Amino acid sequence: MKRELNFDHKHPILYLIATPIGNMKELSPRAIEIIKAMDYIVAEDTRVSGKLLAHHQIKKPFISCHEHNETVAAKEVVRLLKDGKQVAYMSDAGMPCISDPGYILVKECILNDINISPVSGPNAALDALIASGLDTAHFYFHGFLSAKTSVRKEELRHLYLKSETLIFYEAPHRILKTLKDMLEILGKRKAVIAREVTKLHEEFIRGNLEELVKLEQATLKGEMVIIVEGHNNEQEKFMEPKDIISLVQNLENMGMSTKDAIKKASDLLNLPKRDVYNLYHRAN
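Just so it is clear, the structure is predicted and the values come from calculations on it, not from any experiment.

**Quick look at the nonpolar core**
Ranked by internal contacts, the top residues of the largest apolar core, which has 35 residues, are F168, L179, M182, L186 and V228. Per-element accounting of this core gives the leading share, six residues, to helix 7 (residues 175–186). V228 has contacts with L134, T165, L166, F168, M182, L186, R189, K190, A191 and L209, leaving out every residue within four places of it along the chain. Of all hydrophobic cores here, the second largest spans 18 residues; its members include V42, V87, V106 and I116.

**With respect to the pattern of salt bridges**
Where charged atoms from two side chains of opposite charge approach closely, those side chains can pair. Taken as a whole and judged by the stated rule, the model has 14 salt bridges. In this structure, R152 engages D181 in a salt bridge whose closest nitrogen and oxygen atoms are separated by 2.8 Å. Residue R152 is located in helix 6 (residues 149–159), and its partner D181 is located in helix 7; the two are separated by 29 residues in the primary sequence. Its relative accessible area of 7% is what places D181 among the buried residues. Of the charged contacts in the structure, one is a salt bridge between E203 and R195, with a shortest N-O distance of 2.9 Å. Through salt bridges with shared partners, a single network forms among K2, E4 and D113.

**Brief notes about the packing of helix 3 (residues 70–82) against helix 4 (residues 103–111)**
Relative to each other, helix 3 and helix 4 sit at 40°, their axes nearing to 9 Å. By the angle class used here, helix 3 and helix 4 are oblique. Judged by the twist between their axes, the crossing of helix 3 over helix 4 is right-handed. Along its contact with helix 3, which presents E70, T71, A74, K75, V77, V78 and L81, the element helix 4 presents Y103, I104, L105, E108 and C109. When the residues that make up the contact of helix 3 with helix 4 are grouped by side-chain class, the tally is eight nonpolar, one polar and three charged.

**Quick look at the pairing of strand 8 (residues 190–195)**
Within strand 8, five of the six residues are buried, leaving the element largely enclosed by the surrounding structure. Bridging between strand 8 and strand 9 (residues 203–208) involves six bridges; their strand directions are antiparallel. The partner of I193 across the bridge, within strand 9, is I205. Sheet topology places strand 8 next to strand 10 (residues 224–228); five bridges connect them, and they run antiparallel. Note that in strand 10 the partner of A191 across the bridge is V228.

**Section: the packing of aromatic side chains**
All chains considered together, the criterion is met by two aromatic pairs. For the ring pair F144 and Y169, a centre distance of 5.7 Å and an interplane angle of 65° mean the geometry is edge-to-face. Residue F144 is found in strand 6 (residues 139–144), and its partner Y169 is found in strand 7 (residues 165–170); the two are separated by 25 residues along the sequence. Assessed through its relative accessible area of 38%, F144 is described here as partly exposed. Among the residues examined, Y169 registers a relative accessible area of 10% and is labelled buried. Pairwise contacts between aromatic rings join F141, F144 and Y169 into one cluster. Seen from the ring of Y140, K162 lies directly overhead, with NZ or CZ sitting 4.7 Å from the centre. Its guanidinium or amino end placed over the ring of Y160, R189 lies 5.3 Å from that ring's centre, counting from NZ or CZ.

**Observations regarding the sheet that holds strand 7**
The sheet built from five strands is open, its strands ordered 6-7-10-8-9 with mixed pairing. With partners counted over all chains shown, the strands left at the sheet margins are strand 6 and strand 9, one partner each. If you compare each strand with its neighbour and ignore which way they point, the axes differ by 15° on average. Along the sheet, helix 6 makes contact with strand 6 and strand 7, crossing strand 6 at roughly 175°. Docked against the sheet, helix 7 engages strand 7, strand 8 and strand 10, running at close to 10° with respect to strand 10.

**Digging into the pairing of strand 2 (residues 40–43)**
As paired elements, strand 2 and strand 4 (residues 87–90) share four bridges and run parallel to each other. Note that in strand 4 the partner of A43 across the bridge is M90. Sheet analysis places strand 2 next to strand 3 (residues 62–64), joined by three bridges and oriented parallel. Opposite A43, over in strand 3, you have S64 as the bridge partner. Taken together, strand 2, helix 2 (residues 46–55) and strand 3 form a β-α-β motif whose crossover is right-handed.

Analysis parameters
Residues numbered from 1 in each chain as written. Predicted model: local features only at pLDDT ≥ 70, side-chain atom pairs only at ≥ 80, totals over all residues. Heavy atoms only, no water. Core = buried A, V, L, I, M, F, W, Y, C linked by side-chain atoms within 4.5 Å. Buried < 20%, exposed > 50% of the residue type's maximum accessible area, 1.4 Å probe, protein only. Helix = DSSP H or I, 4+ residues; strand = E, 2+ residues; numbered from the N terminus. Contact = heavy atoms within 4.5 Å. Salt bridge = Lys/Arg side-chain N within 4 Å of Asp/Glu carboxyl O. Axes fitted to C-alpha atoms, helices over the stretch in contact; angles between N-to-C directions. Parallel < 35°, antiparallel > 145°, perpendicular 65-115°, else oblique. Left-handed = near helix turned anticlockwise from the far one by under 90°. Nonpolar A, V, L, I, M, F, W, Y, C, P; charged D, E, K, R; others polar. Pairing = 2+ DSSP bridges. Phe/Tyr/Trp six-rings, centres within 6.5 Å; stacked < 30°, edge-to-face > 60°. Lys NZ or Arg CZ within 6 Å of the ring centre and 35° of its normal. Right-handed = clockwise from strand over helix to strand, strands pointing away.

So, in structure tokens, the structure goes:
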């Protein structure tokens, strides 16, 4: 066990600074104060961070740290911190380490007795969630699904029974494919697309997955968060036979035996197990 008081001046500190996801004014006064006090800024993309600092009339030397060089960069950052330099890390937009680089850097610092201090700020997932109108009491952040269709569907199958609100990030060129896979696996659940959050063209698109798949690809540009309601038994009440069969198959794909999948489906649907059994085996 290890207890770390961050501001007792006994250990060097790496600051993790959350940066604006759209509106540059979202950089907090505390973040600006810390940036000004740093000797170096470690950045996912020095060009992006350079523009942000220039907007706030700050000039600092940068160290590049992205997914392709993070292991090497982390060792350089540790060396600087141990030499007494003040260093902070920021990703391009939002919270470091959340679907962004930073984890390897943080882990390397902790291994080298360097403290970690977060500087609060914007996060696209939470911003989208609180404005979605879907349940915020319990939620599950998944981030980006796989770009490969078969893997993406398998990920969604494993999320099928989660009762928490589901949060995903997605890129414009994959958004409709992902929505179609969600409809196939998760069914006609309520969902919200939060597009370009805090930017000029911020938009929330509310409906269900069956409606969202009908959107025009050309209208879905920029950074997007998809919020999907969690599983509940009410969603299963009016399922068609093909959907019941699909549910059993999804449960099988999650690792259940056919027998257990049929029993689980009958429990979820409040249907006699024999009816689900007969329906499934007639189709197979």
